[in-house]
Amino acid sequence: MRSALILGVALVLGAGLAQKPKVVIGTGSTGGVFFYYGTALADIYNKAGVAEFQPVQTGGSYDNLLLLRDRTDPKANTYYCALTTTDSAYVAYTGEEPRFKAKPAKEQRVLFYMYPSFIHIVTSEKSGIKVLQDLKGKRVSTGQPGSSTENLALLVLQAAGVKPESFAKRERLPVAEGAKALAEGTLDAFFWVGGVPTGSIVELGQSLARKGDRVYLIPIDPKSTTAQVALKRFPGLLDPTVVPKSVYGTRTDVPGLNTGNILVCPESLPQEVAHAMMKATFDNLQTLRSAVAAAKDTSVANTAKLYGKFIIPFHPGAERYLKEVGAVK
């Protein structure tokens, strides 16, 4: 009788454990802000007991959106959430991105706005590269294959009239590897779309300083044809911005373009889990900001600015939270 009772209790406990959702958060490559931001989020959520969270290292936005679309399995109580740039989420949702043409990621829903990402075009002062056209004949990395970085790099290059075929060598490296190659002199420049500051570029600046050199970010004048073409491609999703010289030790402030970053989860994620994620995020903003400098722009106010103005709907759990705190009506 006693053994049957113990077995019954074990089965009930086992069923309870099985019912706890597993949420995988797609982040990005090591050295990029997505990786640290997603890892910090998972830690906050696990400590809050929201569900069982696991961050995974990926190639970035598109990898994460593919995981959300293809690996989410409500029957198995497993859900994939994605850290993504707004432009990537947009073309995955509409099917304009080739990998989503046959099957758009229509199930993605916004939870909150994270921070803006700068389109970094990184080189060194001693390279002699000053403008985008100077990349011709150089060794250049356009970012990981199929990443948001690569897509925006190719858009910017096209707008500037620079073909990748004109490079002496084209690499497709994640940010940490690109920074290392530039520091070692095997690369002349690399593209990176990420939060400011990005750790790998800060470290690059320190490496170059030891050699009497410094980081140079190729500027994009907001009034230039290059900027206008990019802004027209993603209306409302790209914004002109300036990176202060203090961030990477550049000689001057650098004008350029930002894209936004958001956390999206599948519509099938239980509403109570999405709501608990929102509460845990905004109750622990100081912890998140201590872990990731870019999270200074993570706020209820910045999230509310997206509400009703973005093609992708908000998750009902996120919407409920925003209404509860009076951020939206």
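Heads up: the structure comes first, above all this text.
In this report, the structure presented in the accompanying data block is examined. Since this is a predicted model, take the numbers as computed values, not measurements.

**Quick notes on the pairing of strand S10 (residues 254–266)**
And step 1. Counted residue by residue, S10 has 12 buried out of 13 residues, so it is predominantly covered.
And step 2. Direction of pairing for strand S4 (residues 108–124) relative to S10: antiparallel, over a ladder of nine bridges. Looking at S10, one finds that Tyr 115 is bridged to Asn 261.
And step 3. Inspection of the sheet shows strand S9 (residues 238–243) paired to S10 by six bridges, in the antiparallel sense. In the strand pairing of S10, Pro 240 is matched with Leu 257.

**Description of the side chain of Thr 85**
And step 1. Among the secondary structure elements, Thr 85 is positioned in strand S3 (residues 78–85).
And step 2. A polar contact of 3.1 Å, which involves the side chain of Thr 85, links it to the side chain of Asp 87.
And step 3. Beyond its immediate sequence surroundings of up to four residues, Thr 85 is in contact with Phe 34, Ser 61, Ser 148, Thr 259, Gly 260 and Asn 261.

**Comments concerning the nonpolar core**
And step 1. Core analysis: the largest hydrophobic core is formed by 85 residues, its most contacted members being Tyr 37, Tyr 45, Phe 112, Leu 135, Leu 263 and Met 277.
And step 2. What Tyr 45 contacts, discounting residues up to four positions off in sequence, is Ile 25, Val 50, Ala 51, Phe 53, Phe 112, Leu 263, Met 277, Ala 280 and Thr 281.

**Details of the pattern of salt bridges**
And step 1. Inspection of every chain in the model, using the stated rule, returns 16 salt bridges.
And step 2. With a closest N to O distance of 3.2 Å, Asp 43 and Lys 47 form a salt bridge. Of this pair, Asp 43 and Lys 47 are both found in helix H2 (residues 33–48), four residues apart, which corresponds to roughly one turn of the helix.
And step 3. When its relative accessible area of 69% is taken as the criterion, Lys 47 is described as exposed.
And step 4. The partner of Arg 172 in a salt bridge is Glu 150, and the shortest N-O contact between them spans 2.6 Å. With a gap of 22 residues between them, Arg 172 in the loop between strand S6 (169–171) and helix H6 (175–184) and Glu 150 in helix H5 (residues 148–159) connect regions that are remote in the sequence.
And step 5. The exposure class of Arg 172 is partly exposed, given its relative accessible area of 40%.
And step 6. Look at Glu 150 and you get buried, because its relative accessible area is 4%.
And step 7. Among the charged side chains, a network of salt bridges with common partners joins Arg 69, Asp 70 and Lys 103.

**Considerations on unusual backbone geometry**
And step 1. Look at the link from Val 196 to Pro 197: it is a cis peptide, with omega at 0°.
And step 2. With respect to the helices and strands, the residue Pro 197 is situated in the loop between strand S7 (189–194) and helix H7 (199–210).
And step 3. The backbone of Asn 77 shows a phi angle near 60°, a positive value even though the residue is not glycine.
And step 4. Mapped onto the elements of the fold, Asn 77 is located in the loop between helix H3 (61–71) and S3.
And step 5. For Asn 77, a relative accessible area of 15% corresponds to the buried category.

Calculation rules
Residues numbered from 1 in each chain as written. Predicted model: local features only at pLDDT ≥ 70, side-chain atom pairs only at ≥ 80, totals over all residues. Heavy atoms only, no water. Buried < 20%, exposed > 50% of the residue type's maximum accessible area, 1.4 Å probe, protein only. Helix = DSSP H or I, 4+ residues; strand = E, 2+ residues; numbered from the N terminus. Pairing = 2+ DSSP bridges. Polar contact = N/O pair within 3.5 Å; in protein donor to acceptor, adjacent residues only side chain to side chain. Contact = heavy atoms within 4.5 Å. Core = buried A, V, L, I, M, F, W, Y, C linked by side-chain atoms within 4.5 Å. Salt bridge = Lys/Arg side-chain N within 4 Å of Asp/Glu carboxyl O.

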